[in-house]
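Structure assessment
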Amino acid sequence: MSLRIYNTLTGKLEELVPLNPPHLLIYTCGVTVYDDSHVGHGRSLIVFDVLRRFLEHLGYRVRFVRNFTDVDDKIINRSKQECTDFMTIANRYIASYYIDMENIRVKPADVEPRVTEHIQEIIEVIKGLIEKGYAYESEGDVYFSVSSFPEYGKLSKRNVEELEAGARVEPSEKKKNPLDFALWKSAKAGEPAWDSPWGPGRPGWHTECVAMIFKHLGQTIDIHAGGLDLVFPHHENEIAQAEALTGKPFARYWVHNGLVTVGGQKMSKSLGNYITLKEVYSKYHPDILRLLVLFTHYRSPLDFSWEKMEETKRAYERLINALEDLELLKKLPSYEEKGTHPLFESVKQMEEGFFKALSDDFNTPQALATIYGLIGELGKIKNKAFSDGRISRQELEAYEFAVNSIIRSLRGVFGLLEDYKPECDVKRVVQKELEAGTIFDSRLVDLLVEVRDMTRKEKLFSVADHIRDRLKELGIILEDTPAGTKWKKQ
RNA sequence: GGCAACGUGGCCGAGCGGCUAGGCGAGGGACUGCAAAUCCCUUUUACGGCGGUUCGAAUCCGCCCGUUGCCUCCA
């Protein structure tokens, strides 16, 4: 199986053919570390994390690089506000980023380079561009000359004349052309600076990715990924520099994820409508954000709301219930039945559908639909077993087979259910909170459930209901099933 | 203004020439001591508007309307 994916460069769906199979080189533009990451960053990180896992699943030997922009105007401004140096700010938010990534279950990249550790490589790229006549020095700055690169605009489908007409770029007498962009910025007083052939200064934004890709991946990579808002000018400018310098294609496939909106408007720092990842995972299990992201096709806009988080949470609970119910079904008396259960075939179809959907432009919503189709079938088996008060061995085996298949698919590729263990999940969470001193011991809940079951057998329902009500006030939900009482948090 | 997307049933959201996507919500039923959970049934001209191509269009083409993104830093 291979992947057909939309390439921004060609505007078409294309079959992914790596340059040197089975090796696959992926670069994704990481974050600028001047503040906490928000849901918009989270979506991009989750999407490409899952894409990477899927490609690994397909058998590619993926080398995945994601950078940190750790020096730029916003970081410098922030450091001025706080009367500290830019590195303090960068290090603080890199640490914050790692906490976020752990909490939303995004795997670390194979290489996570920082701009400030690649100044020399960046200078080499700029020197090369000047030598070849694509860039020029001007009063300590260095600019890329857009008019020297005829293919400029090919990624974002713009032409230079239109850009010039609508240019909102501040006119600068240092530039020959308003569209020219800075490769090197001369240092102003009090700003971080590195020595260079053009005097002290720091790199412009777009060169860093080129230099880091050359160093860690090579001159031509397979996939270059990022948010849709990076297409222009960032990725356009990367292509111009890299291809001007090497004369080779820079990236074979350009993959961009759609943006996160709030009330239809782009989530962004400047609009102030952002929600940090920390706020999200302080309220919800990390899987729920992942599920929300994966329920939308990666190229569509995703409108974030807390209502949608609640909806997704309910959908997630339905999934978890279906998995957990295996343990309840095991407690029922079983009997022998002839033949193979048809569910085995459904599981096979689900798995095929799941991977087929992902192969078709990474259609995660379609892949989830196959999973939920199977969950419906599991519900039917459970319903029948509970009303019969028993289950056939064949059904139980088929159910377990299905559960294992769902877990394998969701855990391996989607990065969901990482901490899921049947029967232990809720208790583990409660135990964690116990250690934090915010809740009681799960063994005490077990005890109360046991006592309540005794009162129910004696038909002392008012006592049983009182226990259930009081536990509910404490955030513990009891559910009576034919196979016994189960409890969960919240 | 230029460029690029998008407009699907109560809401969200796949599909992109013929075959019930899926999720959430709502109503009814089964089950239950009562709940919860679960399943079943219903939500039976869903595809912005108007034309066109076709045996057949949500799906292709044209125009119009509306929303958004990019054109400045941005995942």
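Everything discussed here concerns the structure shown above.
A brief structural summary. (Residues numbered from 1 in each chain as written. Chains lettered and ligands numbered in written order. Predicted model: local features only at pLDDT ≥ 70, side-chain atom pairs only at ≥ 80, totals over all residues. Heavy atoms only, no water.)

With that out of the way, let us pick up the overall build of chain A. Within chain A, the secondary structure is distributed over 16 helices and 17 strands. If one aligns the C-alpha atoms of chain A with their principal axes, the spans along those axes are about 90 × 55 × 35 Å. Expressed as a percentage of the 490 residues in chain A, the buried residues total 54%. In chain A, of all internal contacts separated by at least 6 residues, the share reaching a separation of at least 24 is 77%. As displayed, chain A offers around 22,400 Å² of accessible surface, 51% of which is attributable to carbon and sulfur atoms. Distance between charge centroids for chain A: 3 Å, based on 67 positive and 75 negative side chains. (Helix = DSSP H or I, 4+ residues; strand = E, 2+ residues; numbered from the N terminus. Buried < 20%, exposed > 50% of the residue type's maximum accessible area, 1.4 Å probe, protein only. Contact = heavy atoms within 4.5 Å. Areas by Shrake-Rupley, 256 points an atom, 1.4 Å probe, with all protein chains shown as cover. Lys, Arg positive; Asp, Glu negative; His and termini not counted. Charge placed at Lys NZ, Arg CZ, Asp CG, Glu CD.)

With that out of the way, let us pick up the environment of Gly 40. Position of Gly 40 relative to the elements: it lies in helix α1 (residues 39-57). Along the backbone, Gly 40 and Gly 227 are 187 residues apart, and their C-alpha atoms lie at a distance of 8.9 Å. If sequence neighbours within four positions are ignored, Gly 40 has contacts with Val 260 and Met 267.

Attention shifts here to the side chain of Thr 28. Locating Thr 28 in the fold gives a position in strand β3 (residues 23-28). Looking at Thr 28, the relative accessible area reads 3%, which means it is buried. Residues within four places of Thr 28 in sequence aside, it is in contact with Phe 48, Phe 64, Val 65, Arg 66, Asn 67 and Ala 225.

Right, let's get into the pairing of β3. Of all 6 residues that make up β3, 5 are buried, and the element is covered over most of its length. With 6 bridges joining them, β3 and strand β4 (residues 61-66) adopt parallel strand pairing. Residue pairing for β4: Ile 26 is matched across the bridge by Phe 64. (Pairing = 2+ DSSP bridges.)

Once that is clear, we can look at helix α9 (residues 286-294). The element α9 is extensively covered by neighbouring structure, given that 9 of its 9 residues are classed as buried. Looking at α9, one finds that the buried residues are Pro 286, Asp 287, Ile 288, Leu 289, Arg 290, Leu 291, Leu 292, Val 293 and Leu 294. Looking at the packing, one finds that the buried side of α9 touches α1, α3 (86-103), α8 (277-283), β13 (302-303), α10 (306-331) and α12 (364-388).

The strands making up a sheet associate through hydrogen bonds between their backbones, and the pairing can be parallel or antiparallel. Strand order in this open sheet of 4 strands is β5-β6-β7-β8, and the pairing throughout is antiparallel. The open sheet has two edge strands with one neighbour each: β5 (135-138) and β8 (201-203). Sheet twist, expressed as the average angle between the axes of neighbouring strands with direction ignored, equals 20°. Judged from the 3 bridges that link them, strand β7 (residues 181-186) and β8 form a sheet pairing that is antiparallel. The residue bridging Trp 184 from the neighbouring strand is Pro 203, located in β8. (Axes fitted to C-alpha atoms, helices over the stretch in contact; angles between N-to-C directions.)

Right, let's get into the sheet that holds strand β12 (residues 265-266). Here we have 3 strands laid out as an open sheet, ordered β12-β11-β13, and mixed in their pairing. Each end of this open sheet is capped by a strand with a single partner; those strands are β12 and β13.

Here the focus is the protein's contact with RNA strand B. Taken together, the neighbourhood of RNA strand B is formed by 55 residues, with Lys 74, Trp 205, Gly 227, Leu 230 and Lys 266 sitting nearest. The share of sugar and phosphate among atoms of RNA strand B within 4 Å of the protein is 65%. Take Lys 266: an N or O atom from its side chain is 2.5 Å from a phosphate oxygen of RNA strand B. For RNA strand B, a phosphate oxygen lies 2.7 Å from a polar atom in the backbone of His 297. The dominant element in the surface near RNA strand B, judged by the number of residues it contributes, is α12, at 9 residues. (Near = heavy atom within 4 Å. Polar contact = N/O pair within 3.5 Å; in protein donor to acceptor, adjacent residues only side chain to side chain.)

A separate point is the packing of aromatic side chains. For the structure on display, the rule yields 19 aromatic pairs. Measuring from ring centre to ring centre gives 6.5 Å for Phe 54 and Phe 355, while their planes differ by 10°; the resulting arrangement is stacked. With Phe 54 in helix α1 and Phe 355 in helix α11 (residues 343-359), the pair connects residues that are 301 residues apart, well separated along the chain. Like Phe 355, Phe 54 is buried. Both rings, one in Phe 68 and one in Tyr 97, keep their centres 4.9 Å apart while their planes meet at 85°; by these two values the pair is edge-to-face. (Phe/Tyr/Trp six-rings, centres within 6.5 Å; stacked < 30°, edge-to-face > 60°.)

Moving on, we get to the side chain of Asp 72. Within the secondary structure layout, Asp 72 lies in the loop between β4 and α2 (73-81). Among the polar contacts made by the side chain of Asp 72, one reaches the main-chain amide nitrogen of Lys 74 at a distance of 3.0 Å. When sequence neighbours within four positions are dropped, the list of residues in contact with Asp 72 reads Thr 32 and Arg 202.

Glancing now at the nonpolar core. Residues Leu 55, Phe 354, Ile 406, Leu 410, Phe 414 and Leu 417 are the most contacted members of the largest nonpolar core, which totals 142 residues. When residues of this core are assigned to domains, at least three fall in each of domain 1 (4-294) and domain 2 (326-412). When neighbours within four sequence positions are excluded, Leu 410 is seen to be in contact with Leu 319, Phe 354, Leu 368, Ile 371, Gly 415, Leu 416 and Leu 417. With 7 residues, the next largest nonpolar core counts Val 449, Ile 467, Ile 476 and Trp 487 among its residues. (Core = buried A, V, L, I, M, F, W, Y, C linked by side-chain atoms within 4.5 Å. Domains from an automatic or database assignment.)

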